[in-house]
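# Examination of the molecular architecture
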Amino acid sequence: MKLMNSLLSGAALALTMTLAGPVAAQDCERGDLDKRYCDVNGDLIADTPTDPADQVDPDTLIFAYTPVEDPAVYKAAWSDFLTHLESETGKSVVFFPVQNNAAQIEAMRSGRLHIAGFNTGSNPLAVNCAGFNPFTIMASKDGNFGYEMEIITYPGSGIEQVEDIRGKQLAFTSPTSNSGFKAPSAILKGDFDMLPGRDFEPVYSGKHDNSILGVANKDYMAASIANSVKSRMISRDVIKAEDVKVIYKSQTFPTTGFGTAHNLVPELKEKIRNAFFSFEWEGTSLQEEFEKSNEGQFLEMTYQEFWEVIRKIDTANGVSYACE
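Sequence order sets the numbering: in each chain, residues are counted from 1 along the sequence as written. The model is predicted, so local features are restricted to residues of pLDDT at least 70 and side-chain atom pairs to those at 80 or more, both for listing and for counting; the totals for chains, interfaces and linings are taken over all residues. Derived side-chain values reflect all non-hydrogen atoms in the structure, with water molecules and hydrogen atoms excluded from consideration.

### Here's the deal with the layout of surface pockets
Gaps between atoms show up when a probe of the same size as a water molecule is rolled over them. Quick reminder of the rule: For cavity detection a 1 Å grid was placed over the protein atoms alone, and a set of points counts as a cavity when a 1.4 Å probe fits there but cannot get out; an open set counts as a pocket when protein lies on both sides within 12 Å along at least five of seven lines, with lining residues being those that have an atom within 4 Å of a point. Grid points are joined across faces, edges and corners, and a volume is the space filled by probe spheres set on the points. Strands are runs of DSSP state E lasting at least 2 residues, helices are runs of H or I lasting at least 4, and numbering of each runs from the N terminus. The classification used treats Ala, Val, Leu, Ile, Met, Phe, Trp, Tyr, Cys and Pro as nonpolar, Asp, Glu, Lys and Arg as charged, and all other residues, Gly among them, as polar.
Here the second largest pocket defines a volume of roughly 290 Å³. In terms of lining, the second largest pocket is formed by 15 residues, of which the most central are Ile45, Asn133, Pro134, Phe135 and Arg273. Among the elements that make up the lining of the second largest pocket, the one with the highest residue count is helix H9 (residues 266–278) (four residues). Grouping the amino acids of the lining of the second largest pocket by side-chain chemistry returns six nonpolar, four polar and five charged.

### Things to note about H9
How we decide: For a helix, the expected span equals 1.5 Å multiplied by the number of residues minus one. Exposure categories follow from relative accessible area, calculated using a 1.4 Å probe and restricted to protein chains: below 20% of the type maximum is buried, above 50% is exposed, and the middle band is partly exposed. The reported arc concerns the directions from the helix axis to the C-beta atoms and nothing else. Contacts were defined at the residue level, with two residues in contact if any of their heavy atoms lie within 4.5 Å.
Look at H9: 18 Å from first C-alpha to last across 13 residues, which is about the 18 Å you get at 1.5 Å a residue. Every buried residue of H9 is accounted for by Leu268, Lys269, Ile272, Ala275 and Phe276. Along the axis of H9, the buried residues cluster in a sector spanning 120°; they form a single face. Elements in contact with the buried residues of H9: strand E1 (60–65), helix H3 (79–89), strand E3 (115–118), strand E4 (132–139), strand E10 (257–261) and strand E11 (297–300).

### Describing the packing of aromatic side chains
Just so we agree on the cut-off: Pairs were defined over the aromatic rings of Phe, Tyr and Trp, the Trp ring being its six-membered one, requiring ring centres within 6.5 Å. Orientation was assigned from the angle between planes: stacked under 30 degrees, edge-to-face over 60, tilted for the rest. For a Lys NZ or an Arg CZ to count as sitting over a ring, it must be within 6 Å of the ring centre and within 35 degrees of the ring normal.
This model, assessed by the stated rule, comprises 31 aromatic pairs. Here Phe63 and Phe81 contribute two aromatic rings whose centre-to-centre distance is 6.4 Å and whose plane-to-plane angle is 50°, an arrangement assigned as tilted. Here Phe81 lies in helix H3 and Phe63 lies in strand E1, a separation of 18 residues in the sequence. On the basis of relative accessibility, which here comes to 0%, the residue Phe63 falls in the buried class. Assessed through its relative accessible area of 0%, Phe81 is described here as buried. Considering the side-chain rings of Tyr74 and Phe290, the 5.8 Å spacing of their centres and the 55° angle between planes classify their relative orientation as tilted. Separated by 216 residues along the polypeptide, Tyr74 in helix H2 (residues 71–77) and Phe290 in helix H10 (residues 285–290) bring together distant segments of the chain. Overall, Tyr74 belongs to the buried group, its relative accessible area being 2%. A cation over an aromatic ring shows up here: Arg273 above the ring of Phe135, its NZ or CZ 4.8 Å from the ring centre.

### Remarks on the side chain of Thr284
To be explicit about the condition: Polar contact is defined as a pair of N or O atoms within 3.5 Å, subject to the rule that within protein one atom must be able to donate a hydrogen and the other to accept it, and that residues adjacent in sequence are counted only when both atoms are side-chain atoms.
With respect to the secondary-structure elements, Thr284 resides in the loop between H9 and H10. There is a polar contact of 2.7 Å between the side chain of Thr284 and the backbone oxygen of Trp281. Residues in contact with Thr284, not counting those within four places in the same chain, are Asp80 and Phe279.

### Section: the state of the cysteines
Linking two cysteines covalently via their sulfur atoms produces the bond known as a disulfide. Rules: In what follows, a disulfide is any cysteine sulfur pair within 2.5 Å.
Considering all chains together, one arrives at two disulfides under this definition. Across a sulfur-sulfur distance of 1.9 Å, Cys28 and Cys38 are joined as a disulfide pair. Disulfide Cys28 to Cys38: torsion about the S-S bond roughly -95°, handedness left-handed. With Cys28 in the loop between helix H1 (3–9) and E1 and Cys38 in the loop between H1 and E1, this pair connects stretches of sequence that are 10 residues apart. We classify Cys38 as buried; its relative accessible area is 14%. One disulfide in the model links Cys129 with Cys323; its S-S distance is 2.2 Å. Between Cys129 and Cys323, the S-S dihedral sits near -115°, and the bridge is therefore left-handed. Taken together, the positions of Cys129 in helix H5 (residues 123–130) and Cys323 in the segment after helix H12 (308–316) put the pair 194 residues apart, joining distant regions of the chain. Once the bonded cysteines of the chain are numbered in order along the sequence, the disulfide links fall as 1-2, 3-4.

### Section: the nonpolar core
The following threshold applies: Here, nonpolar core refers to any group of buried Ala, Val, Leu, Ile, Met, Phe, Trp, Tyr and Cys residues whose side-chain atoms link them within 4.5 Å.
Ranked by internal contacts, the top residues of the largest apolar core, which has 92 residues, are Trp78, Phe81, Ile151, Ile165, Ile272, Leu286 and Phe298. Contacts of Leu286, omitting those with residues within four sequence positions, involve Ala77, Trp78, Phe81, Met138, Phe279, Trp281, Glu291 and Phe298.

### Digging into the environment of Glu289
Mapping Glu289 onto the fold places it in helix H10. Separated by 216 residues in sequence, Glu289 and Val73 place their C-alpha atoms 8.8 Å apart. Leave out the neighbours within four places in its chain, and Glu289 touches Val73, Tyr74, Ala77, Arg232 and Arg236. There is a polar contact of 3.2 Å between the side chain of Glu289 and the side chain of Lys292.

### Focus: the side chain of Asn119
Mapping Asn119 onto the fold places it in the loop between E3 and H5. A distance of 3.3 Å separates polar atoms of two side chains, one belonging to Asn119 and the other to Asn101. Apart from the residues lying within four places of it in its own chain, the contact partners of Asn119 are Thr66, Asn101, Thr176 and Thr256.

### Brief notes about the pattern of salt bridges
The test is simple: The working definition used for a salt bridge is a side-chain nitrogen of Lys or Arg within 4 Å of a carboxyl oxygen of Asp or Glu.
According to the stated counting rule, one finds 15 salt bridges in the structure shown. Put simply, Glu300 and Arg273 hold a salt bridge, and the shortest N to O gap is 2.6 Å. With Glu300 in strand E11 and Arg273 in helix H9, this residue pair connects regions lying 27 residues apart in the sequence. Judged by relative accessible area, which is 23%, Arg273 ranks as partly exposed. One continuous salt-bridge network, built from bridges that share partners, spans Arg166, Asp193, Arg198 and Asp199.

This is the structure in structure tokens:
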């Protein structure tokens, strides 16, 4: 695999998020952050506002999980954790089922979302455009974490290797997804000299489960997906392992990053952090769902370190973090 070569090659794939909300410029260091945020300590995420008048302490906290699969499944999966979060913070918590990555980012940017899990690819946009402060990811009990991007097809499709996709159709999920668009775009260009529109027909399914089901049902000839999602779908008997076959597997990427809006009062931020790290997984609805992808704890992390490879992929794809 030649991922690092592809990261350095660049690609003419621009992405600009258009999000609602007023912008108030500040005179401060901010790096790539939108002009409404500051990053004085250089950790690449938005600082908590220094003026208490700009900090918020809502009576009800809104939580959203990345729109990967059926929201009803994940509302139930997160129920025990949200009960724990209410106990730790002393506040009501509401699960907000978002339909797409852009809507989730806009909700946090506009102040309607306080705690969230943003998927791998949308994390940098959430950080830079919405003031997202990620601090943890899910990991296995022994501390391993992450997932791989896979390009899958179905048995009998005539596609045996990546090059066989030329002249055919490849399903992506959405432009903000790492494994559903950004990573495969960089890899296909850098390693295989294949571009969407020129060498294959790109289509967009909207979500990983749509892409996986689409391949299993032979609606799509091939798709780029996160294998952690595929594992959970197989465990739930949504598809059978033999319904799809893997023709490409990437290096390991960080999975969904969890965190808070930047402008919550510091005391509340700390209570939310403690809720993640004090949560006992054993016997809970969260364990029941996520042990299917070998996850069993929340691991502390930093966006600056863990998302470095994702930022390099974005640079290779010409992705802009500008909020226009």
